[in-house]
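Reading the structure
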2 protein chains.
Amino acid sequence: MNDSYLNFVNSPLGARVARSLGLPKPEVLRRYRADAPEFDGIVAVGAGPAPQLLDALADVVAHIGMTSVAHVSAGLWVPLANRHGLMTGRFEPADPATGSQARVRALVFDASGIESSAQLESLYTFFHDALRSLDKCGRIVVLGRPPEACANPRQWTAQRALEGVTRSLGKEARRGIAANLIYVSPGAESGIESTLRFFLSPRSAYVSGQVVRIGAAPGGIAQHFGQDFDWTQPLAGQRAVVTGAARGIGAAIANVLAAQGAHVIGIDIPSATDALDATLRQLGGTALALDIAAPETPAQIAAALDELGVDVFVHNAGITKDKTIAKMTEAAWRSVIDINLSAQERIDDALLEAGTLRDGGRIVCVSSISGIAGNMGQTNYAASKAGVIGRVQGMAPYLAARRITINAVAPGFIETQMTAKMPLALREAGRRMNSMSQGGQPADVAQTIAWLAHPGSAGVTGQVVRVCGQSLIGA
Amino acid sequence: MNDSYLNFVNSPLGARVARSLGLPKPEVLRRYRADAPEFDGIVAVGAGPAPQLLDALADVVAHIGMTSVAHVSAGLWVPLANRHGLMTGRFEPADPATGSQARVRALVFDASGIESSAQLESLYTFFHDALRSLDKCGRIVVLGRPPEACANPRQWTAQRALEGVTRSLGKEARRGIAANLIYVSPGAESGIESTLRFFLSPRSAYVSGQVVRIGAAPGGIAQHFGQDFDWTQPLAGQRAVVTGAARGIGAAIANVLAAQGAHVIGIDIPSATDALDATLRQLGGTALALDIAAPETPAQIAAALDELGVDVFVHNAGITKDKTIAKMTEAAWRSVIDINLSAQERIDDALLEAGTLRDGGRIVCVSSISGIAGNMGQTNYAASKAGVIGRVQGMAPYLAARRITINAVAPGFIETQMTAKMPLALREAGRRMNSMSQGGQPADVAQTIAWLAHPGSAGVTGQVVRVCGQSLIGA
């Protein structure tokens, strides 16, 4: 759990040693803290031709209280910003003579109007001018239109090209900077706030290189987020279940959901009852000691939740039993598939049939980078986690009629008791092989889940978001 | 171009040194050679419940003349194989006492009938028993149904889980073994032969960890491949254009397409005329010295091909101009986007409008692993190559009415003059960070393109196939 290399190179002596040896210097990531402002500093705005999302963006920037500057490519921004009562100015590229330049916290580029490959040049112009002005732990957000929603192949091509730009920016920006791409469906503009907030916030510290689609919310955005909506307590009055909540990532999820106002019901196996009780007691939540793999458990969960129902269900519980397939026992295959995948299916079926999970609810599943890329010695685990991706993609259209969203997070290397037990060389490789040159924290996974669980994320469904610091490893 | 480490560890002394130091030992891959049998040895067949593709599989196995053995999971295989006049027997797991066991060349598993996560256990049973029997440079092929075509979320989930199993098998099998997953749409069973042949053949030596979908061919499979079809000359009587054909991967593509019977028209820039002429003269092809970026070129290509038309167009030409975006010139951005992406669009528009590319034709584009994952210092190149992916996905539905397919290959680390100039450490990392522990050859890319260009590949469109030895790097 303790990354001593990261600590060392961020000490005065270590920084000198690392510099002289040419070693990577991972940043201490700026993460969300309740006692520090979530949003501050300057966002620099750029745009391609005919940008369509600046109005929605100005809305969000005004709400979160950041200052803005407009790059020359985003001439439309200044009058828009003025209309939204936003502090705004012009972005000034660095003076090469002095190198002096105001640092910005975020670069946001509206690429929604780009219709041809030649027009991609507007991204070059903006990031060429602005990338050096971005502060460490800053944010790059590119906004586009889903390629599959485009009117013709040329536009589809240009919008799809944004993935290559955004991922490359993440890989070259380094310094703890996260770069992500948000595709907003035509008509879904009003649904971007929860997602844009997340990607501009320190909550998304370890989420980079991701592509997220915001669709028109099934049944429309049910709630409106006016001035009286408390964005620090988006889950106030809601009930959220987290499986595997006793320790590690599950406990972090329970923590974050509770901090955002939810009453958390934590589930874990009976042998972990003490830890589960301790975790939930702290949060004023409810502990349910149940083995999710037991055949009677789905009905027991539904019964336990029946009176009050549930708004958010997080399928986090999972196990590994690693062996190459030739050496793996049938029991190891079976238990991993059953606990990590089949149990989720049985529980959802029971909750959906009984109506325990309310209409407009949220299901969030924990997949894994192994489910995307496969992994040596993890045929069982990778099958279960790839199956989770299939579950999310396959169920999303079925659940849309009930305005329920289902999404997955796929953690990369996260610092837990599990990874602390890995052999040193493997652990070091896992930590460094990503654009952040470090492992993530359980809270990084938890914050990502909280964004997906947010009532404002109604237009995000059927998706898989990696929490991996833009790991090199993929499929 | 010369991987001296691979040569060394495959020498008697080097093998001893590598073993004693625990160094990786990349296999010398078994590649296609015209003077060696393409298919020989034994294929072991396994199946999940209610397999639906064994009949189509038996057809292909009979055509290619491999012997088969049936694992206990594939009880249906024996009568089926007998009906197809196939040599067949029972697969016998290794005797743990002696370790003796017949080696097999390929493991093929029919997972098409799997409808639930619990039924995935049949994959465990087969690969647990059989993986050790697979010879080096062997093949693993898993056959399934496209998740998005499944009747319900449980089936979708289970079919999607196959990706995790197949990719993990590729990562743990090593020894030059390739593992791939083929999703066959219901009704597309008769269209699997060209694809199954490719993935069982030494032609696919460096293609691993891939997922390919075979759909019902637009307009049906136009040609039937009866006993008189010459599978060694599938492109006989066809005309194929290759851009960037003077050298490297382009020359290899020209070579392979010519070897498969096509008359090849090679295009390259005027400054490469000598090399282009030499390449094409050897193949009895036609050299066209044209700069694909010039505005008049599309019309010139269409005019040059007009009389006879063209059946296959391979967009291979591409350039890199690497720099971090802050240091990149506008000209470097523009030329990379224009040559690698916009020129393809202009040429296709001209050929499609003029009808030069015949109905039922094939377009194959060269993308890159950088277009999938992004890359430091390659915002321009990654944008162009991600755009190529968008082009393929966006144009496929438009071209279906004319029975034209469009696909992309995405090379990983390929041994060329370009990679030979890379700094040593970067080159070594690129070579080893994949399941084959080595770079690919230009011919590996060319063979993959030839499969996509095959008249039997009518059901494969809108897809991106990596030629990367299952590189660790992905998105």
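Residues numbered from 1 in each chain as written. Chains lettered and ligands numbered in written order. Predicted model: local features only at pLDDT ≥ 70, side-chain atom pairs only at ≥ 80, totals over all residues. Heavy atoms only, no water.

Naming follows an unreviewed UniProt entry, where chain A appears as 3-ketoacyl-(Acyl-carrier-protein) reductase of Paraburkholderia hospita.

**Quick word on the packing of aromatic side chains**
Threshold: Each aromatic pair joins two rings of Phe, Tyr and Trp (for Trp, the six-membered one) with centres within 6.5 Å, and gets the label stacked for planes under 30 degrees apart, edge-to-face for over 60, and tilted for any other angle. Exposure classes here rest on a 1.4 Å probe applied to the protein chains alone. A residue is buried below 20% of its type maximum, exposed above 50%, and partly exposed in between. Here, a charge over a ring means that NZ of Lys or CZ of Arg falls within 6 Å of the ring centre while also lying within 35 degrees of the ring normal.
Summed over all chains, the structure comprises 16 aromatic pairs over all chains. Look at B:Phe126 and B:Phe127: their rings are 4.9 Å apart centre to centre, the planes differ by 70°, and that puts the pair in the edge-to-face class. For B:Phe127, a relative accessible area of 0% gives the class buried. Three or more aromatic residues link up through ring pairs in this structure, and these residues are A:Phe109, A:Phe126 and A:Phe127. When the ring centre of A:Trp231 is taken as origin, the NZ or CZ atom of A:Arg197, which lies over that ring, is 3.9 Å away.

**Some remarks on the UniProt feature "domain: Ketoreductase" (unreviewed entry) in chain A**
Here is the rule: UniProt positions are given in the numbering used here, feature names are shortened, and annotations may be inferred rather than shown by experiment. Only DSSP runs of H or I reaching four residues or more are called helices, and only runs of E reaching two or more are called strands; each is numbered from the N terminus.
UniProt's feature table lists "domain: Ketoreductase" (unreviewed entry) at residues 238-417 of chain A, given in the numbering used throughout. The span residues 238-417 of chain A carries 47% helix and 21% strand; its end-to-end C-alpha distance comes to 30 Å.

**So, the packing of helix 10 (residues 297-305) of chain B against helix 11 (residues 330-354) of chain B**
Residue and element names in this part refer to chain B. Short version of the rule: Only the stretch in contact is used when fitting a helix axis, every axis being a line fitted to C-alpha atoms; angles between N-to-C directions are given from 0 to 180 degrees. Angles below 35 degrees are treated as roughly parallel, those above 145 as roughly antiparallel, those between 65 and 115 as roughly perpendicular, and all remaining angles as oblique. Note: crossing handedness is left-handed where the near helix turns anticlockwise from the far helix by less than a right angle, and right-handed where it turns clockwise. Contact between two residues is taken to exist if any of their heavy atoms lie within 4.5 Å; hydrogens are not considered. Charged means Asp, Glu, Lys or Arg here, nonpolar means Ala, Val, Leu, Ile, Met, Phe, Trp, Tyr, Cys or Pro, and polar covers whatever is left, Gly included.
Look at helix 10 against helix 11: their axes get within 8 Å of each other, and the N-to-C directions meet at 40°. Our classification of the angle between helix 10 and helix 11 gives oblique. When you trace helix 10 past helix 11, the crossing you get is right-handed. Contacts from Pro-298, Ile-301, Ala-302 and Leu-305 of helix 10 reach helix 11 at Arg-346, Ile-347, Ala-350 and Leu-351. Looking at the contact of helix 10 with helix 11 residue by residue, the classes come out as seven nonpolar, no polar and one charged.

**What about the sheet that holds strand 7 (residues 211-214) of chain A?**
Residue and element names in this part refer to chain A. Note the cut-off: A pair of strands is considered paired only if DSSP assigns at least 2 bridges between the two.
The parallel open sheet is built from seven strands, whose spatial order is 3-2-1-4-5-6-7. The outermost strands of the open sheet, each flanked by one partner alone, are strand 3 (88-90) and strand 7. The average undirected angle you get between the axes of adjacent strands in this sheet is 25°. Pairing of strand 6 (residues 178-184) with strand 7 involves four bridges; the strand directions are parallel. Looking across to strand 7, one finds that Ile-182 is bridged to Val-212. Here helix 3 (residues 54-64) sits on the sheet and contacts strand 1 (42-47) and strand 4 (104-110); the angle it forms with strand 1, its principal contact strand, is near 180°. Along the sheet, helix 5 (residues 121-130) makes contact with strand 1, strand 4 and strand 5 (134-144), crossing strand 4 at roughly 170°.

**What about the domain arrangement of chain A?**
Residues and elements named next belong to chain A. Just so we agree on the cut-off: Domain delimitation follows an automatic or database domain assignment. Once two parts are put together, the accessible area they lose, assessed with a 1.4 Å probe and summed over both, is termed the buried area. One side-chain nitrogen of Lys or Arg within 4 Å of one carboxyl oxygen of Asp or Glu is enough to make a salt bridge. Identification of polar contacts relies on pairs of N or O atoms within 3.5 Å, with a donor-acceptor requirement for protein atoms, meaning one able to donate a hydrogen and the other able to accept it, and with residues adjacent in sequence counted only if both atoms are side-chain atoms.
In terms of domain boundaries, chain A breaks down into domain 1 (31-216) and domain 2 (239-467). Here the C-alpha centroids of domain 1 and domain 2 sit 30 Å apart. Summing the contributions of domain 1 and of domain 2, the shared interface buries around 1,900 Å²; its carbon and sulfur component is 52%. The largest contributions to the domain 1 side of the interface with domain 2 come from Arg-31, Arg-203 and Tyr-206, which together make up 35% of the buried area. At the junction of domain 1 and domain 2, the tally comes to one salt bridge. The partner of Arg-31 in a salt bridge is Asp-444, and the shortest N-O contact between them spans 2.7 Å. Taken together, the links from domain 1 to domain 2 amount to 12 residue pairs in polar contact (both at pLDDT 80 or more).

**Describing the environment of B:Phe413**
Residues and elements named next belong to chain B. Along the chain, Phe-413 falls in the loop between strand 13 (405-411) and helix 14 (417-420). Residue Phe-413 is classed as buried on the basis of its relative accessible area of 10%. Ignoring anything within four residues of it in the chain, the contact list for Phe-413 reads Tyr-206, Thr-419, Met-422, Arg-427, Gly-430, Arg-431, Gly-439 and Gly-440.

**Structural notes on the interface of chain A and chain B**
Residue-level contacts link 70 residues of chain A with 70 residues of chain B. The junction of chain A with chain B conceals about 5,800 Å² of combined surface from both sides, 58% of it contributed by carbon and sulfur atoms. On the chain A side of the interface with chain B, the three residues burying the most area are A:Tyr124, A:Glu172 and A:Ile325, jointly 12% of the side's total. Here chain A is connected to chain B by four salt bridges.

**Examining the pattern of salt bridges**
Residues and elements named next belong to chain A. Counted under the stated rule, the structure contains 48 salt bridges over all chains. Notably, a salt bridge pairs Arg-30 with Asp-40, separated by 3.4 Å at the nearest N-O pair. Placement of Arg-30 in the loop between helix 2 (12-21) and strand 1 and of Asp-40 in the loop between helix 2 and strand 1 is noted, with a sequence separation of 10 residues between them. The exposure class assigned to Arg-30 is partly exposed, which follows from its relative accessible area of 27%. Measuring nitrogen to oxygen at the nearest pair gives 3.4 Å for the salt bridge that ties Asp-359 to Arg-402. A residue pair is termed long-range when its members are at least 10 positions apart, and Asp-359 in strand 12 (residues 357-366) and Arg-402 in the loop between helix 13 (379-399) and strand 13 (405-411) qualify at 43 residues. For Asp-359, a relative accessible area of 48% corresponds to the partly exposed category. By relative accessible area, Arg-402 is classed as partly exposed at 26%. Among the charged side chains, a network of salt bridges with common partners joins Asp-3, Glu-415, Glu-428, Arg-431 and Arg-432.

**Concerning helix 11 (residues 330-354) of chain A**
All names here are of chain A. Defined as follows: Under the convention used throughout, the expected extent of a helix is 1.5 Å for every residue step, that is, one less than its residue count. The bend at a residue is defined as the angle formed between two axes, one fitted to the seven residues ending at that residue and one fitted to the seven starting there.
Taking 1.5 Å of rise per residue, 25 residues should cover 36 Å, and helix 11 covers 33 Å from first to last C-alpha, within 8% of that figure. By the largest-angle criterion, Asp-338 marks the main kink of helix 11, which is about 45°. Just downstream of helix 11 lies Gly-355, where phi reads positive at about 70°.

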